[in-house]
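Descriptive structure summary
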Amino acid sequence: MSLAESLLPVAVLLPLGVATLLLALAHWLPPRLPKLVAILVALAVCALCVFLARESLDGPVRHWFGGWTPDTARRPGMVLGIGFQADPASAALAAFCGLLFAAAFVFAWGYFDTEHAHFHVLMLLFLAAMTGFCLTRDLFNLFVWFELMSVAAFALTAYPLGRSALEGAFNFTITNALASFLLLAGTGLLYARTGTFDFATMGAAVARTGADPVLTAGFVLVAAALLTKAAILPFHLWLADAHAVAPSPVSVIFSGAMVSLALFGLAKLVAQVFSGNAEVMGLVHGLLHGLGLATALVAGLTAFAQRHLKRLLAFSTIAHMGIMLIALAGGSGTATAGLLLYIVGHGLTKGALFMAAGILLALRRSVDEIVLYGRGRGRGLWAPALAMGLGGLLLGGLPLGLMHGATGLMNLSASVLDRGVVALASSLTGAAILRAAARIFLRASGVPGPELLAPTEREHEKPDRPLWLMALPALALVALALIPPAAVKPFLGAAAARLRDPSLPPFALPEAGSLDLAPLLLTVALFAFALLRRRAVQPLSRAVTRRERTGFRALQALHSGLVGDYVAWMAVGLALFALAAGVSAG
């Protein structure tokens, strides 16, 4: 066994083991020690996964627990053991999770001083679950890591223990617990047909079986579960409630990594298990593509109509998940490469934006952009101003950095409709963030539009924390998001190819095409419209304003805060899958 194969399980065992020790010794440790240990563990996981990603360029790194390799079954096509596998994409995303957790731990320094390291224990469990989710090659263990990820996330959402936090955590728990049941049921159906949980052998069995309603039903249930975690319409309603009440360091992880990892898990299953099944791939190219378009457009419009920064950023995340789903449904090599790069670029940008919102919440006791009008001009607030300005531009199509490179790759195989929806959704989210930044930091704004009617609430986070420790990780994440995509292009070609098949040579990714400034220009136009908006006094302008508010009220009404409504929309999503599967089979 090579060094890399021996170290592969350490990426999960290290945060699990340290979390156990911190929990046992929490009442006896000096208050600052758990914080420092958590940062070092996250950085160690990041470094280890970077090493695994590099080693996997020469071939996948595998570890079979207990020595139960496929050879021990003594039957071709049967895998009895549980294994981890590091391909370049999986290991790189696990490393990204470690980096984001380290930044969140630094940002949270001083936030939880009296909780005896319990916050850091939950976060380390969360990190272990996300790393295991990336590295597993077994569908049942994908469910196990999915469930551990959910349990840790539920507890972290409710951590403040206020009424709104408990309500948001309750909605999150019910919807994602139902997703867990769907994932387990789908796993059972797929095992019933293929006789294995291992991705590779399951993929071979699916290809041999061909069209089969049980296989299709298994895929539908698994996909619905992962789309719920990824907050794809109509499974998305829980996310804004959870983001609005979760502590800011937790929101960094939710939007920066958790939701996009669910899409990565779906992309891995589509590539390694279902690519040989024409019926399932018809659903991927048809229904999933349509859901991606709808999610990007609806969530982009809803984000533009928010005033509460954390809810605005949550709907922005949903819109960009829709963009990623469009790339997943595209299925080409360049689209897959773009998806992987977009996950990282978006995660870095959104993490920085949630940190900027957290700084405002700590120092100004609000994240309502209208309440904060002109209150961001004090000393020391240049860092969140810079993070919000650059973050809004990056989301809105600034032709720099990882997100721009990812969009260029995805557009190479995208239709005109796809490009238009992506540009509009990006511009709506970017302009909304720039509008909030202008109001807060520049005291520049027109008359509030539909955002005036959006829900908001009074809240605050612990104020007496070192400002430089809050600002440093936010600026570092923005700086990383601005890395030229050419710097990772060779690795990205290998990662995209070997996500499908470990034996494939790296994709030769084409050079970037002509500079596409349309999203940025649209972002600037929407931003200018928000700045120059004036009170409606003429009959025509009043009529237009009434129609505008009516439309946005309808979008707001979908987010009732009632968990029964959210479950009903999940049922609608399953019905859409059933209808699409029936049409495809017919």
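Remember, it's a predicted structure, so these values are computed and weren't measured experimentally.

The rules behind the values
- Residues numbered from 1 in each chain as written.
- Predicted model: local features only at pLDDT ≥ 70, side-chain atom pairs only at ≥ 80, totals over all residues.
- Heavy atoms only, no water.
- Helix = DSSP H or I, 4+ residues; strand = E, 2+ residues; numbered from the N terminus.
- Rg over C-alpha atoms; globule rule 2.2 N^0.38 Å.
- Buried < 20%, exposed > 50% of the residue type's maximum accessible area, 1.4 Å probe, protein only.
- Contact = heavy atoms within 4.5 Å.
- Areas by Shrake-Rupley, 256 points an atom, 1.4 Å probe, with all protein chains shown as cover.
- Lys, Arg positive; Asp, Glu negative; His and termini not counted.
- Charge placed at Lys NZ, Arg CZ, Asp CG, Glu CD.
- Phe/Tyr/Trp six-rings, centres within 6.5 Å; stacked < 30°, edge-to-face > 60°.
- Lys NZ or Arg CZ within 6 Å of the ring centre and 35° of its normal.
- Pairing = 2+ DSSP bridges.
- Salt bridge = Lys/Arg side-chain N within 4 Å of Asp/Glu carboxyl O.
- Expected span 1.5 Å × (residues − 1).
- Polar contact = N/O pair within 3.5 Å; in protein donor to acceptor, adjacent residues only side chain to side chain.
- Axes fitted to C-alpha atoms, helices over the stretch in contact; angles between N-to-C directions.
- Parallel < 35°, antiparallel > 145°, perpendicular 65-115°, else oblique.
- Left-handed = near helix turned anticlockwise from the far one by under 90°.
- Nonpolar A, V, L, I, M, F, W, Y, C, P; charged D, E, K, R; others polar.
- Disulfide = S-S within 2.5 Å.
- Patch = residues over 30% accessible without salt bridge, like charges linked within 9 Å, V, L, I, M, F, W, Y side chains within 5 Å.
- pLDDT = per-residue confidence, 0-100.

**Things to note about the overall build of the chain**
When you go through the chain residue by residue, the secondary structure sums to 22 helices and two strands. For the chain, the C-alpha radius of gyration of 23 Å lies close to 25 Å, the compact-globule estimate for 586 residues. C-alpha extents for the chain along the principal axes are approximately 80 × 65 × 50 Å. Relative to its full complement of 586 residues, the chain shows a buried share of 58%. The long-range share in the chain, meaning contacts at least 24 apart out of those at least 6 apart in sequence, stands at 83%. Carbon and sulfur atoms provide 68% of the accessible area of the chain, an area that totals close to 21700 Å². The centroid of the 39 positive side-chain charges in the chain is displaced by 10 Å from the centroid of its 27 negative side-chain charges.

**Details of unusual backbone geometry**
Of the consecutive residues Leu233 and Pro234, the connecting peptide bond is found in the cis state with omega at 0 degrees. Within the element layout of this structure, Pro234 appears in the loop between α9 (213-229) and α10 (238-245).

**Details of the packing of aromatic side chains**
In total, this model carries twelve aromatic pairs according to the counting rule given. Between the aromatic rings of Phe65 and Phe84, the centroid separation amounts to 5.1 Å while the plane-to-plane angle is 85 degrees, which identifies the pairing as edge-to-face. Taken as a pair, Phe65 in the loop between β1 (61-64) and β2 (83-86) and Phe84 in strand β2 lie far apart in primary sequence, 19 residues in all. Phe65 gets classed as partly exposed once you look at its relative accessible area, which sits at 30%. Here a set of aromatic residues connected by ring pairs shows up, and it is made of Phe101, Phe105, Phe126, Phe154, Phe172, Trp238 and Phe254. Over the ring of Phe146 we find Lys229; its NZ or CZ atom is 4.8 Å from the centre of that ring. Geometry around Phe304 places Arg435 over its ring, the cationic atom sitting 5.1 Å from the centre.

**A look at the pairing of β2**
Residue alternation in β2 divides its side chains into two sets, Gly83 and Gln85 and Phe84 and Ala86, and both sets are buried. Looking at chain direction, β1 and β2 are connected through four bridges and run antiparallel. When the bridges of β2 are listed, His63 appears paired with Phe84.

**Some remarks on the pattern of salt bridges**
Opposite charge on two side chains permits them to pair, given that their charged atoms come into close proximity. A full pass over the atoms with the stated rule returns six salt bridges. Here Arg193 ties to Asp212 by a salt bridge, and the two come within 2.7 Å at their closest N and O atoms. In this pair, Arg193 sits in helix α7 (residues 163-194) while Asp212 sits in the loop between α8 (199-209) and α9, placing the two residues 19 residues apart along the sequence. Judged by relative accessible area, which is 41%, Arg193 ranks as partly exposed. A salt bridge links Glu369 to Arg439, with the shortest nitrogen-to-oxygen separation between them at 2.4 Å.

**Some details on helix α12 (residues 278-304)**
With 27 residues, α12 ought to run about 39 Å at 1.5 Å a step, and its terminal C-alpha atoms sit 38 Å apart, in line with that. Capping the start of α12 is the job of one residue whose side-chain oxygen sits 3.1 Å from the backbone nitrogen of Glu279: Asn277.

**Quick notes on the side chain of Lys229**
The residue Lys229 is located in helix α9 in this model. One buried charged residue, Lys229, forms no salt bridge at all, with the nearest opposite charge on Glu147 at 7.3 Å. Here the side chain of Lys229 touches Asn176 through a polar contact of 3.2 Å, side chain to side chain. Non-local contacts of Lys229, meaning those with residues more than four positions away in its chain, are made with Phe146, Ser150, Phe172, Asn176, Trp238, Met258, Val259 and Ala262.

**Details of the packing of helix α5 (residues 118-135) against helix α6 (residues 139-157)**
Between α5 and α6, the shortest axis-to-axis distance is 8 Å and the interhelical angle comes to 155 degrees. Classed by the angle they form, the pair α5 and α6 counts as roughly antiparallel. The element α5 and its partner α6 pack so that their crossing is left-handed. Contacts between α5 and α6 involve Phe119, Leu122, Met123, Leu125, Phe126, Ala128, Ala129, Met130, Gly132 and Phe133 on the former and, on the latter, Leu142, Trp145, Phe146, Leu148, Met149, Ala152, Ala153, Ala155 and Leu156. Residues that form the contact of α5 with α6 fall into these classes: 18 nonpolar, one polar and no charged.

**Side note on the packing of helix α4 (residues 88-107) against helix α19 (residues 489-500)**
Any two packed helices are characterised by the angle at which their axes cross and by the distance between the axes. In the contact formed by α4 and α19, the axes pass within 7 Å of each other and the chain directions differ by 115 degrees. In this structure, α4 contributes Pro88, Ala89 and Ala92 to the contact, and α19 contributes Phe491, Ala494, Ala495, Arg498 and Leu499. Split by residue class, the contact of α4 with α19 holds seven nonpolar, no polar and one charged.

**Observations concerning the state of the cysteines**
On inspection of all chains with the given rule, the structure shows zero disulfides. Cysteine Cys97 remains unbridged, with the sulfur of Cys134 as its closest cysteine sulfur at 4.8 Å.

**Looking at helix α14 (residues 333-364)**
Its 32 residues give α14 an end-to-end C-alpha distance of 46 Å, which sits within 8% of 46 Å, the value for a rise of 1.5 Å per residue. The element α14 is extensively covered by neighbouring structure, given that 30 of its 32 residues are classed as buried. Following α14 by one or two positions, Arg365 has its phi on the positive side, about 55 degrees.

**Thoughts on a nonpolar patch on the surface**
A cluster of nonpolar residues, Leu297, Leu301, Leu424 and Leu522, forms a patch on the protein surface that exposes about 250 Å² of accessible area. Structurally, Leu522 can be placed in helix α20 (residues 518-532).

**Some points on the environment of Gly188**
With respect to the helices and strands, Gly188 occurs in helix α7. Separated by 30 residues in the primary sequence, Gly188 and Gly218 have C-alpha atoms spaced 7.7 Å apart.

**What to know about the confidence of the model for the chain**
It should be kept in mind that the predicted coordinates are not to be read in detail where pLDDT is low. Per-residue pLDDT for the chain averages 87, and the proportion of residues at 70 or more is 94%. The least confident element of the chain, judged by mean pLDDT, is helix α21 (residues 539-557) at 71; the most confident is α4 at 95.

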